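Here is how the chains run, residue by residue.
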Amino acid sequence: FAVSLALVLLMIPVVVRTTEELLKIVPDELREAAYALGIPKWKTIVKIVIPTALSGIITGISLAIARVMGETAPVLILVGYTSFINFDPFGGSMASLPLLMTSERLTTNAVGEARVWGAAVTLILIITVFNLLGSLISRLTSLKTK
């Protein structure tokens, strides 16, 4: 639980900065047109500005998730590493792929090296799937123009 909070704190700046930049890119003409029609500011934000920037916001979130998946320092400092899965989120050490790679890299046998490569490939595949899902969701939520 502590690690998840630490990783969320690492994600927040990326998501906030991406969202801020994408909200700035929304053309002022869209906002002005809504205001000219008498639509309140909050409704303009909810119905026009956010849907226009939503695909980019989702992309920023998926990039932040991909960045956090490879972080080892918060996991190592806060809970340590164990070679088994701990199902109690509030107590004990946890297993994670980056820490598995770090601990198995120190072994000198071929099995440890194979585990490192397997964990690396698995982590890369998981991050690729997250990025592809983010890209797909981004495409599905983007505004369609003719």
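Structural data are supplied above this passage.
A brief structural summary. (Residues numbered from 1 in each chain as written. Predicted model: local features only at pLDDT ≥ 70, side-chain atom pairs only at ≥ 80, totals over all residues. Heavy atoms only, no water.)

Digging into the overall build of the protein chain
Line of reasoning, step 1. Secondary structure summary: the protein chain contains 6 helices and 0 strands in total.
Line of reasoning, step 2. Starting at the N terminus, the α and β elements of the protein chain follow one another as α-α-α-α-α-α.
Line of reasoning, step 3. On C-alpha atoms alone, the protein chain measures out to a radius of gyration of 21 Å, which is more than a quarter above the 15 Å that the 2.2 N^0.38 rule sets for 146 residues.
Line of reasoning, step 4. Burial analysis of the protein chain (146 residues in total) assigns 27% to the buried set. (Helix = DSSP H or I, 4+ residues; strand = E, 2+ residues; numbered from the N terminus. Rg over C-alpha atoms; globule rule 2.2 N^0.38 Å. Buried < 20%, exposed > 50% of the residue type's maximum accessible area, 1.4 Å probe, protein only.)

Concerning the layout of surface pockets
Line of reasoning, step 1. The computed volume of the largest pocket comes to approximately 340 Å³.
Line of reasoning, step 2. Around the largest pocket, the lining is made up of 17 residues, and of these Val-3, Leu-7, Val-75, Ala-95 and Ser-96 lie nearest the centre.
Line of reasoning, step 3. Elements represented by at least two residues in the lining of the largest pocket include exactly α1 (2-25), α3 (41-69), α5 (97-105) and α6 (110-141).
Line of reasoning, step 4. When residues of the lining of the largest pocket are assigned to their parent elements, the largest contribution, 3 residues, is made by α1.
Line of reasoning, step 5. Classifying every residue of the lining of the largest pocket by side-chain character gives 14 nonpolar, 2 polar and 1 charged. (1 Å grid on protein atoms, 1.4 Å probe; cavity = no way out; pocket = protein on both sides within 12 Å on 5 of 7 lines; lining within 4 Å. Points joined across faces, edges and corners; volume = space filled by probe spheres on them. Nonpolar A, V, L, I, M, F, W, Y, C, P; charged D, E, K, R; others polar.)

Focus on the pattern of salt bridges
Line of reasoning, step 1. As enumerated under the stated definition, the model contains 6 salt bridges in all.
Line of reasoning, step 2. With a shortest N-O distance of 3.5 Å, Glu-104 and Arg-115 are connected by a salt bridge. On the criterion of sequence distance, the pair formed by Glu-104 in helix α5 and Arg-115 in helix α6 is long-range, its members being 11 residues apart.
Line of reasoning, step 3. A single network of salt bridges, built from pairs that share partners, joins Arg-17, Glu-20, Glu-21 and Lys-24. (Salt bridge = Lys/Arg side-chain N within 4 Å of Asp/Glu carboxyl O.)

Looking at the environment of Leu-132
Line of reasoning, step 1. Relative to the assigned elements, Leu-132 resides in helix α6.
Line of reasoning, step 2. Distance from Leu-132 to Thr-59, taken between C-alpha atoms, is 9.8 Å for residues 73 residues apart in sequence.

Details of a nonpolar patch on the surface
Line of reasoning, step 1. A surface patch of nonpolar side chains, amounting to about 460 Å² of accessible area, comprises Val-129, Leu-133, Leu-136, Ile-137 and Leu-140.
Line of reasoning, step 2. Looking at the secondary structure, you find Ile-137 in helix α6. (Patch = residues over 30% accessible without salt bridge, like charges linked within 9 Å, V, L, I, M, F, W, Y side chains within 5 Å. Areas by Shrake-Rupley, 256 points an atom, 1.4 Å probe, with all protein chains shown as cover.)

Re the packing of α5 against α6
Line of reasoning, step 1. Running from amino to carboxyl end, α5 crosses α6 at an angle of 160°, the nearest separation of the two axes being 9 Å. Put simply, α5 runs roughly antiparallel to α6. The interaxial crossing formed by α5 with α6 has left-handed handedness. Contact residues: α5 offers Leu-97, Pro-98, Leu-100, Met-101, Glu-104 and Arg-105, while α6 offers Gly-112, Arg-115, Val-116, Ala-119, Ala-120, Thr-122, Leu-123 and Ile-126.
Line of reasoning, step 2. Residue classes in the contact of α5 with α6 are distributed as 9 nonpolar, 2 polar and 3 charged. (Axes fitted to C-alpha atoms, helices over the stretch in contact; angles between N-to-C directions. Parallel < 35°, antiparallel > 145°, perpendicular 65-115°, else oblique. Left-handed = near helix turned anticlockwise from the far one by under 90°. Contact = heavy atoms within 4.5 Å.)

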